[in-house]
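# Residue-level structure breakdown
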Amino acid sequence: MRIALIGYGKMGKEIEQIARNRGHEIGLIIDQDNQKDLNADQLKDIDVAIEFTNPESAYGNYQICFEAKVPVVSGTTGWLDKMDLVKEKCNAGDGFFYASNFSLGVNLFFELNKKLTKLMAPFEEYNADMEEIHHIHKLDSPSGTAITLAEGIIDNHPKKDKWIEATSMKEDELSILAKRHGAVPGTHSVTWHSEVDEITIQHLAYSRKGFALGAVLAAEFMPKKEGFFGMKDLLNL
Ligand SMILES: NC(=O)c1ccc[n+]([C@@H]2O[C@H](COP(=O)([O-])OP(=O)(O)OC[C@H]3O[C@@H](n4cnc5c(N)ncnc54)[C@H](O)[C@@H]3O)[C@@H](O)[C@H]2O)c1
Ligand SMILES: O=C(O)C1=N[C@H](C(=O)O)CCC1
């Protein structure tokens, strides 16, 4: 498969290694730092584009890939206000795969979080809050993964209506504490606490390898696909 890497930072480089090890060809690398602006012509022999850039650049890159009829796998976080526009394009025949987190472990953790929320829902003595810790270079906050976890709680708990990036004492608000520390690849915890005890579930990434492998597996899934896809489609969760 011929892959275009759009964004050649920490994730782009990690993905390149795994893609090459799995026998794929990297046909194009685009990064702000190599002064090449992406255009549809550059994508003409590409089977799939993998996009990991930043919240401001991502949507523009998707539009160029769609114009070239190249399916996109993206893990960029912080652009979700444009999600409806991307889904409209997918309904019209473009191919797009998005995950706030591509690691197998985190996607199992998403399911565990929903299951635990359903168990907790009838018991008013328990309240939830969340914490995420990432490296100091991360641009968005809270993390995309934390938002997905928060949505998993809100959708499955009768009292929780919204998440808030702060500590909240309001019953309908789910607090997310976002910490930035050193080179941490990504740690997410959900704690349910009562007056007498607490239960914490946590996912801690040791490196970016799990994210990168998931993105390459998604790229292998995407050629010639039309529509909007996510990890549930890839992992049959
Ligand atoms: N979904 C996941 O599993 C997952 C995992 C890790 C990171 N992320 C997200 O992926 C994104 C990138 O993370 P990272 O750690 O690689 O960041 P990074 O800052 O190391 O790399 C981003 C790269 O994109 C480049 N870039 C910026 N604008 C560009 C543009 N218009 N065209 C091409 N390149 C451009 C930058 O120069 C930089 O090299 C972030 O949004 C992060 O939150 C998601
Ligand atoms: O390093 C990052 O940036 C990460 N971003 C994703 C997020 O926002 O959840 C996934 C974890 C790493």
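What counts, and at which threshold
The residue numbering used here restarts from 1 in each chain and proceeds along that chain's sequence as written. Key to labels: chains lettered from A, ligands numbered from 1, both in the order written. For a predicted model such as this one, the threshold for reporting local features is a pLDDT of at least 70, and the threshold for listing and counting side-chain atom pairs is 80 or more; totals across whole chains, interfaces and linings nevertheless cover every residue. Residue burial is a threshold on neighbouring C-beta atoms within 10 Å of the residue's own C-beta, all placed from the backbone, with 20 or more meaning buried, 12 or fewer meaning exposed, and counts in between meaning partly exposed. For the purposes of this entry, the term helix denotes a DSSP run of H or I that reaches at least four residues, the term strand denotes a run of E that reaches at least two, and both are numbered from the N terminus. A strand pair is defined by DSSP finding two or more bridges across the two strands. Think of it like this: strands point away, you trace from the first strand over the helix to the second, and a clockwise trace means the crossover is right-handed. When buried Ala, Val, Leu, Ile, Met, Phe, Trp, Tyr and Cys residues are joined through C-beta atoms within 7 Å, the set is termed a nonpolar core. Here, residue contact means that the backbone-derived C-beta atoms of the two residues sit within 7 Å. Between the N-to-C directions of two axes lies an angle of 0 to 180 degrees, each axis being a line fitted to C-alpha atoms and, for a helix, fitted only over the stretch in contact. UniProt positions are given in the numbering used here, feature names are shortened, and annotations may be inferred rather than shown by experiment. An automatic or database domain assignment is the source of the domain bounds shown.

### Remarks on the pairing of strand β1 (residues 2-6)
Burial analysis of β1 places 4 of its 5 residues in the buried class, the great majority of the element. Bridge analysis of β1 against strand β2 (residues 25-30) gives 5 bridges, and the strand direction is parallel. Note on β2: the bridge partner recorded for I6 is I30. Considered for its hand, the β-α-β crossover made up of β1, helix α1 (residues 10-21) and β2 is right-handed. One ladder, built from 4 bridges, connects β1 with strand β3 (residues 48-51); its direction is parallel.

### Side note on the nonpolar core
Ranked by size, the top nonpolar core spans 40 residues in total, and within it V48, A49, I50, V73, A215 and A219 carry the most contacts. Broken down by element, this core gets its largest block of residues, 6 residues, from helix α6 (residues 209-221). Setting aside chain neighbours within four positions, we find A219 in contact with I3, V48, I50 and V73. Counting 15 residues, the second largest nonpolar core, distinct from the first, contains V106, F109, I176 and V190.

### Quick look at the sheet that holds strand β4 (residues 72-74)
Strand order in this open sheet of 6 strands is β2-β1-β3-β4-β5-β11, and the pairing throughout is parallel. Either end of the sheet is taken by a strand with one partner, and the two such strands are β2 and β11 (227-229). Strand-to-strand twist in this sheet, taken as the mean axis angle between neighbours without regard to direction, amounts to 20°.

### Some details on the environment of T187
Residue placement: T187 occurs in strand β9 (residues 187-193). Counting along the chain gives 60 residues from T187 to N127, while the straight-line C-alpha distance between them is 21 Å. Each residue touching T187, except ones within four places of it in the same chain, is listed here: E132, I133, Q202 and L204.

### A closer look at the UniProt feature "domain: Dihydrodipicolinate reductase C-terminal" (unreviewed entry) in the chain
Under the feature "domain: Dihydrodipicolinate reductase C-terminal" (unreviewed entry), the UniProt entry names residues 105-235. Between the first and last C-alpha atoms of residues 105-235 the distance is 11 Å; the span itself is 34% helix and 27% strand.

### Quick word on the domain arrangement of the chain
Looking at the chain, the domain boundaries give domain 1 (2-102 + 209-235) and domain 2 (104-204). Of note, the centres of domain 1 and domain 2, computed from C-alpha atoms alone, are 27 Å apart. Every contact between the two is made by 10 residues of domain 1 and, on the other side, 11 residues of domain 2. Secondary-structure elements contributing two or more residues to the side of domain 1 that touches domain 2 are α6 and α7 (231-235).

### Things to note about the sheet that holds strand β10 (residues 198-204)
Sheets are built from strands paired through backbone hydrogen bonds, the pairs being either parallel or antiparallel. The strand order β7-β8-β6-β9-β10 describes an open sheet built from 5 strands, whose pairing is mixed. Unpaired on one side and paired on the other, β7 (162-164) and β10 mark the two borders of the sheet. Averaged over neighbouring strand pairs, the angle between their axes works out to 20° when direction is ignored. In this sheet, strand β8 (residues 173-180) lies alongside strand β6 (residues 127-134) in parallel orientation, the contact comprising 6 bridges. Its bridge partner being in β8, D129 is matched across the sheet by S175. Packing of helix α4 (residues 104-120) onto the sheet brings it into contact with β9 and β10, and relative to β10 it is tilted by some 165°.

### Things to note about the environment of W192
Assignment of secondary structure puts W192 in strand β9. Separated by 76 residues in the primary sequence, W192 and L116 have C-alpha atoms spaced 9.2 Å apart. In this structure, W192 is in contact with M120, Y126, A128, E198 and I199, ignoring residues within four places of it in sequence.

### Comments concerning unusual backbone geometry
Between S141 and P142 the backbone carries a cis peptide bond, its omega angle lying at -5°. The phi torsion at K69 lies on the positive side, around 60°, for a residue other than glycine. For K69, a count of 14 C-beta atoms within 10 Å gives the class partly exposed. Phi at K224 takes a positive value of approximately 70°, unusual for a residue other than glycine. With respect to the helices and strands, the residue K224 is situated in the loop between α6 and β11.

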